Amino acid sequence: MNYISPKAKIGNNCKIFPFVYIEDDVVIGDDCIIFPFVSILDGTRMGAHNKVHQGSVIGALPQDFDFRGEKSECILGDNNIIRENVVINRATHTGGQTVLGNDNVLMEGSHISHDTKVGNRCVFGYGTKIAGDCLIEDGAIFSSSVIANAHTRVGRAAMVQAGTTFSKDVPPGIICTKRVEYGGVNETMCRYYGVDDKTIKHIANAYRLLFHGKTSTFDAVNQIEEQVPDSPEIQHIIEFLRASELGIITKM
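Residues numbered from 1 in each chain as written. Predicted model: local features only at pLDDT ≥ 70, side-chain atom pairs only at ≥ 80, totals over all residues. Heavy atoms only, no water.

Counted by the stated rule, this structure contains eight aromatic pairs. A centroid spacing of 5.1 Å and a plane angle of 5 degrees characterise the contact between Phe19 and Phe37, whose relative ring orientation is stacked. You can see Phe19 sitting in the loop between β3 (15–16) and β4 (21–22) and its partner Phe37 sitting in the loop between β6 (33–34) and β7 (39–40), a full 18 residues away along the chain. Relative accessible area serves as the criterion here: at 45%, Phe19 is assigned to the partly exposed category. Taken together, a centroid distance of 5.2 Å and an interplanar angle of 85 degrees make the contact between Tyr192 and Tyr193 edge-to-face. For Tyr193, a relative accessible area of 27% corresponds to the partly exposed category. Among the aromatic residues, those joined into a ring-pair cluster are Tyr182, Tyr207 and Phe211. Residue placement shows Arg153 over the ring face of Phe240; its charged tip is 3.9 Å from the ring centre. (Phe/Tyr/Trp six-rings, centres within 6.5 Å; stacked < 30°, edge-to-face > 60°. Helix = DSSP H or I, 4+ residues; strand = E, 2+ residues; numbered from the N terminus. Buried < 20%, exposed > 50% of the residue type's maximum accessible area, 1.4 Å probe, protein only. Lys NZ or Arg CZ within 6 Å of the ring centre and 35° of its normal.)

Laid out in structure tokens, this is it:
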């Protein structure tokens, strides 16, 4: 049997299978499918057309020693596919939010921790774990068993190879190897997002200056501004690098 709180707000045309547990302070949008043995806990705000598969926990209490039972939220957008045994924690403090955007795919056993912000159209492979307070931009792809440590950032259309554990930022549009090194431009995803071949070459040149030069990240950014033709993609790279607090992979 189900336990669905009468205080929970359930949208139209939702299909909720047996053995689902839904607490009081939950909002679920229209046309969602909730499979058996799913728990949706207080603070969850779910959009429309989401599919949550068996054994997943949405809005789980944060695994953070600073958590003191405060009210916070776990926000999901629309059209997300959440496969078996996925855990998404709500935020740690009052007013905080863990956010998952639209059209994301979270494969079996993946985990999004407290206060992490995920954009749109991201893929999280089997057993991938994203720690607290991370930022994942649109179109990022994580292969299986990736571990992103706390406060790290992954740029738009970046790909992280299977088995990688990283503690520094992964810039937009690159492939991060298992050795946590630059593995080239992720040309497939760049083209998916409409980046032309000329701009892809400019992106590769920008990363040549960053990863293969004998300068600091600060100086490499200045060289990119001076030497690489401008475009929205190059500007985004520059902004991402300048905002880095932990540093960039393979850069000291």
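Pairing is parallel in the open sheet, where nine strands are placed in the order β1-β4-β7-β10-β13-β16-β19-β22-β25. Looking at the sheet topology across the chains shown, the edges are occupied by β1 (3–4) and β25 (165–166). Where β4 and β7 come together, two bridges link them in parallel fashion. For Ile22, the partnering residue across the bridge sits in β7 and is Ile40. (Pairing = 2+ DSSP bridges.)

All right, on to unusual backbone geometry then. Leaving glycine out, the prevailing phi sign among residues is negative, and the prevailing peptide bond configuration is trans. A positive phi is found at Phe19, a non-glycine position, where the angle reads about 65 degrees. The phi dihedral of Val180 falls on the positive side, at around 60 degrees, and the residue is not glycine. As for its position among the elements, Val180 is in the loop between β26 (174–176) and β27 (182–185). On the accessibility criterion, Val180 (21% relative accessible area) is partly exposed.

Structurally, the position occupied by Ile88 is in strand β13 (residues 87–89). Under the relative-accessibility criterion, Ile88 is labelled buried at 2%. Considering only alpha carbons, one finds Ile88 and Leu61, 27 residues apart in sequence, at a separation of 8.8 Å. Not counting residues within four places of it along the chain, the set of residues in contact with Ile88 comprises Val57, Ile58, Gly59, Ala60, Cys74, Ile82, Thr98, Leu100, Leu106 and Ile112. (Contact = heavy atoms within 4.5 Å.)

Turning our eyes to something else, we now look at the layout of surface pockets. Rolled over the atoms, a probe sized like a water molecule indicates the empty space that remains. Looking at the largest pocket, its volume works out to about 150 Å³. What lines the largest pocket is Arg156, Ala157, Pro172, Gly173, Cys190, Tyr193, Val195, Ile203, Glu233, His236 and Ile237. Classifying every residue of the lining of the largest pocket by side-chain character gives seven nonpolar, two polar and two charged. (1 Å grid on protein atoms, 1.4 Å probe; cavity = no way out; pocket = protein on both sides within 12 Å on 5 of 7 lines; lining within 4 Å. Points joined across faces, edges and corners; volume = space filled by probe spheres on them. Nonpolar A, V, L, I, M, F, W, Y, C, P; charged D, E, K, R; others polar.)

Where β26 lies against β27, two bridges are found, and the strand directions are antiparallel. Residue pairing for β27: Ile174 is matched across the bridge by Val185.

Okay, the side chain of Ser244 next. Position of Ser244 among the secondary structure elements: in the segment after α4 (232–242). The residues touching Ser244, leaving out its near neighbours within four places in the chain, are Arg153 and Asp169.

This part covers the state of the cysteines. Here a disulfide denotes one covalent bond, and it connects the sulfur atoms of two cysteines. Under the criterion given, the structure shown has zero disulfides. With no disulfide partner, Cys14 has as its closest neighbouring cysteine sulfur the one in Cys32, 4.8 Å distant. (Disulfide = S-S within 2.5 Å.)

Let us now look at the nonpolar core. Ranked by size, the top nonpolar core spans 59 residues in total, and within it Ile40, Ile88, Phe124, Ile136, Phe142 and Tyr207 carry the most contacts. Of all the secondary-structure elements, those providing two or more residues to this core are β11 (73–76), β26, β27, α2 (197–211), α3 (217–227) and α4. It is α2 that contributes the most residues to this core, seven residues altogether. Discounting residues that sit within four places of it in the chain, Phe124 has contacts with Val105, Leu106, Met107, Ser110, Ile112, Val118, Ile130, Ile136 and Phe142. (Core = buried A, V, L, I, M, F, W, Y, C linked by side-chain atoms within 4.5 Å.)

Let's shift gears to α3. Within α3 the residues assigned to the buried category are Thr217, Ala220, Val221 and Ile224. Buried residues of α3, seen end-on, are gathered within an arc of 105 degrees and therefore sit on one face of the element. Along α3, exposed side chains directed more than 90 degrees from the buried face belong to Phe218 and Glu226. In this structure, the buried residues of α3 make contact with α2 and α4. (Arc of directions from axis to C-beta.)

In short, geometric facts, not functional conclusions.
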